[in-house]
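Structural description and commentary
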Amino acid sequence: MEMLVTALICLPFLWAIFPALIHHSKCRAFFVYLGCAIVMILSIITAVQWFRAGGQTLNFSLPYQETFSHVFLVGDILLMFFIMYLCAKYKKTIISLLTIVSTVIPTVLELAGPKIPNSYTMRFDYLTLIMILIIGIVGTLIGVYAVGYMHGYHIHHHKELKDRRSFFLAMIFVFFGAMFGLVFSANLCSLYFFWEITSVTSFLLIGYTRTDEAINNSFKALWMNLLGGCGLAAAISVGYLWYGTVNLFDYIDLVQADPTNIRNMLPIACLAFAALTKSAQFPFSGWLLGAMVAPTPSSALLHSATMVKAGVYLLIRISVAMADNYVGNMVALIGGFTFLAASCLAISVSDGKKVLAYSTISNLGLIVACTGCGYEETIWAAVFLVIFHAVSKSMLFQCVGAIENTTGSRDVEDMQGLISIFPKLAVILMIGIAGMFLAPFGMLISKWAALKAFIDTTSVYVSTLMVLFICFGSATTMFYWTKWMSKILGASPREKSRDLTKKNEYISMFFHAFMMLALILGFPWLSKHVLKPLSNDMFGTATQVISYQNMVIMIVLLVGIFVVPFVNYVLTKGQKAKQVITYMGGANAGDNFNFVSATGDPKEMHIANFYMEDIMGEKKLFTPAIMISTFIIIVYMIIVIGGAF
């Protein structure tokens, strides 16, 4: 197993050399497809082999661990110099201070600080299993999609930009390797190394077009993630100086052994702070919104299988050390508040990618809130949210990107009647949207489980606030998704035109749709054979969060979604139906798109959604949301740091 894990981490880094060096389009595409297939198969083999071996938690070190430790140390220093060079080049020198602080202090402690005993550096358990499958399957499908998308991106819409596809595709493989390394790491020094690689890689992907906007947004992402890196560095430093360990699970054990000792909470608070920046929670949401300037595959990658998932992964890891304490309350409040605020903001925007971005921030907020409570039920909900969100959001971003490449617009208002113009894209988009908020898709089930768990929370004020956040946040979530759905299903005067979506893009999107349906059908199995053992590992107990009867109802609902329309189609096929013209704001001209108004003037039908910018617009809510969330973090961090000293 150690060799498989080593291969899974190292192979993507090495494979990135092929797309980086090969500039012939078809040859490069072949190596990207081959690399994605190998990474996907390797991740599945690793997961299946571990599962069939009994699914026991494995603590181990990599072969040649000492060599890898040196590589991580040198890598940290090289990354620091690389960031300093970029900051100097673009005159953002103040940002370089963050990488100097977060790299130099742990490096000095590692080289000249107290010697700490050797311990395992890697862990493989059920949470790792879930994460490597998300990265290995969802992530590589995005890689496949990227080949066709980037071809259309440069050929049809952005001819003025320099074609740097080789670099872009290479960075995708680097992302895979960094994420695999991150989710296996038990040692915080190695975790920090992979963490920083994801920060730098996302910076490079966001700045792909090298426009002024892209450069500014990429540096915004960089400094916010480096700030999180400072949190990780602080946790490592505390481990060296106070506890003689940098093992993540030793930190968790310390809090569980003495839950009232605030001193032990300090490294957990630092880790939680780092995770909040990575998972784009308020007040650190700006970097994820700015990332929309990048080509769609990088958006899909950042939002679904990598980057933001690194933050929530870390929070799930440390969740048992956050139950009913100051750190947990901070994380829960930030997550719940972000869930509500981001879903309100999503109502006010019509840019499809921006709606998806706010939706990602909102849903991550719910996951973060679940981890902050740190109960078995909330972690059950959080993990399911991670799984369903990864698949849904990857599919949605890919579909919106394909729509933009085909129609030249990603504005929701321009998707009027998409179902009659580009039915395949519309169906994929509908499945993705349904997956985000409709029963029996998993996001809604997870929200229901989270609501139930929040009600059972012992802290009255946290429980009350969480219930309010999830109720109002779910209502606003339903509002913006329903608006989008109505545009897709509406009538359109436009005629069908050529669909520019490549076959490989459709393969990836349809595979995602298949995975979504498979996840719902396999929901009971997943809960019993993966989530319950995970819960047992983390909490020592495993209860059935949602009864089997409810799960059966969910499956019946799913079957109904497909069976009822099919039966209706069979029964009504061939029957003569009376065509009825649509009621409009006047006398219908007979074509359902024009009418005569009450004043006798001919008018063309125009349907537009309600965005409430005066109430929920970014100018109204964004800055107050940052101020409130900053205040919450400062207050709780002062309590924890003050208590620790």
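Residues numbered from 1 in each chain as written. Predicted model: local features only at pLDDT ≥ 70, side-chain atom pairs only at ≥ 80, totals over all residues. Heavy atoms only, no water.

**Details of the overall build of the chain**
In terms of regular secondary structure, the chain is built from 26 helices and five strands. The C-alpha atoms of the chain give 25 Å as radius of gyration, which agrees with the globular expectation for 645 residues (26 Å, within 12%). Counting across all 645 residues of the chain, residues that qualify as buried make up 60%. In the chain, the share of contacts with a sequence separation of at least 24, taken over all contacts with a separation of at least 6, comes to 81%. When the accessible surface of the chain is split by element, carbon and sulfur atoms take 67% of a total near 25400 Å². One way to put it: in the chain the 40 positive side-chain charges average out to a point 7 Å from where the 32 negative ones average out. (Helix = DSSP H or I, 4+ residues; strand = E, 2+ residues; numbered from the N terminus. Rg over C-alpha atoms; globule rule 2.2 N^0.38 Å. Buried < 20%, exposed > 50% of the residue type's maximum accessible area, 1.4 Å probe, protein only. Contact = heavy atoms within 4.5 Å. Areas by Shrake-Rupley, 256 points an atom, 1.4 Å probe, with all protein chains shown as cover. Lys, Arg positive; Asp, Glu negative; His and termini not counted. Charge placed at Lys NZ, Arg CZ, Asp CG, Glu CD.)

**Some words on the environment of Asp601**
With respect to the helices and strands, Asp601 occurs in the loop between strand 4 (594-596) and strand 5 (602-604). Judged by its relative accessible area of 39%, Asp601 is partly exposed. Separated by 125 residues in the primary sequence, Asp601 and Thr476 have C-alpha atoms spaced 37 Å apart. Beyond its immediate sequence surroundings of up to four residues, Asp601 is in contact with Phe595 and Val596.

**Structural notes on the pattern of salt bridges**
What the rule picks out here adds up to six salt bridges. Two residues, Arg410 and Glu404, come together in a salt bridge whose shortest N-O distance is 3.6 Å. What emerges from the salt-bridge pattern is a single network uniting Asp351, Glu404 and Arg410. (Salt bridge = Lys/Arg side-chain N within 4 Å of Asp/Glu carboxyl O.)

**A short note on helix 7 (residues 165-184)**
An α-helix turns once per 3.6 residues; consequently, residues spaced three or four apart project the same way. The terminal C-alpha atoms of helix 7, which comprises 20 residues, lie 29 Å apart, in line with the 28 Å expected from a rise of 1.5 Å per residue. Buried residues dominate helix 7, accounting for 19 of its 20 residues. (Expected span 1.5 Å × (residues − 1).)

**A short note on the packing of helix 7 against helix 8 (residues 188-206)**
Helix 8 packs onto helix 7 with a crossing angle of 155 degrees between their chain directions and a minimal axis gap of 9 Å. Considering their axes alone, helix 7 and helix 8 lie roughly antiparallel with respect to each other. In terms of crossing hand, the pair formed by helix 7 and helix 8 is left-handed. Listed contacts from helix 8 to Phe167, Phe168, Met171, Val174, Phe175, Gly177, Ala178, Met179, Gly181 and Leu182 of helix 7 are Leu191, Phe194, Trp195, Ile197, Thr198, Thr201, Ser202, Leu204 and Leu205. Here the contact of helix 7 with helix 8 is composed, by residue class, of 14 nonpolar, five polar and no charged. (Axes fitted to C-alpha atoms, helices over the stretch in contact; angles between N-to-C directions. Parallel < 35°, antiparallel > 145°, perpendicular 65-115°, else oblique. Left-handed = near helix turned anticlockwise from the far one by under 90°. Nonpolar A, V, L, I, M, F, W, Y, C, P; charged D, E, K, R; others polar.)

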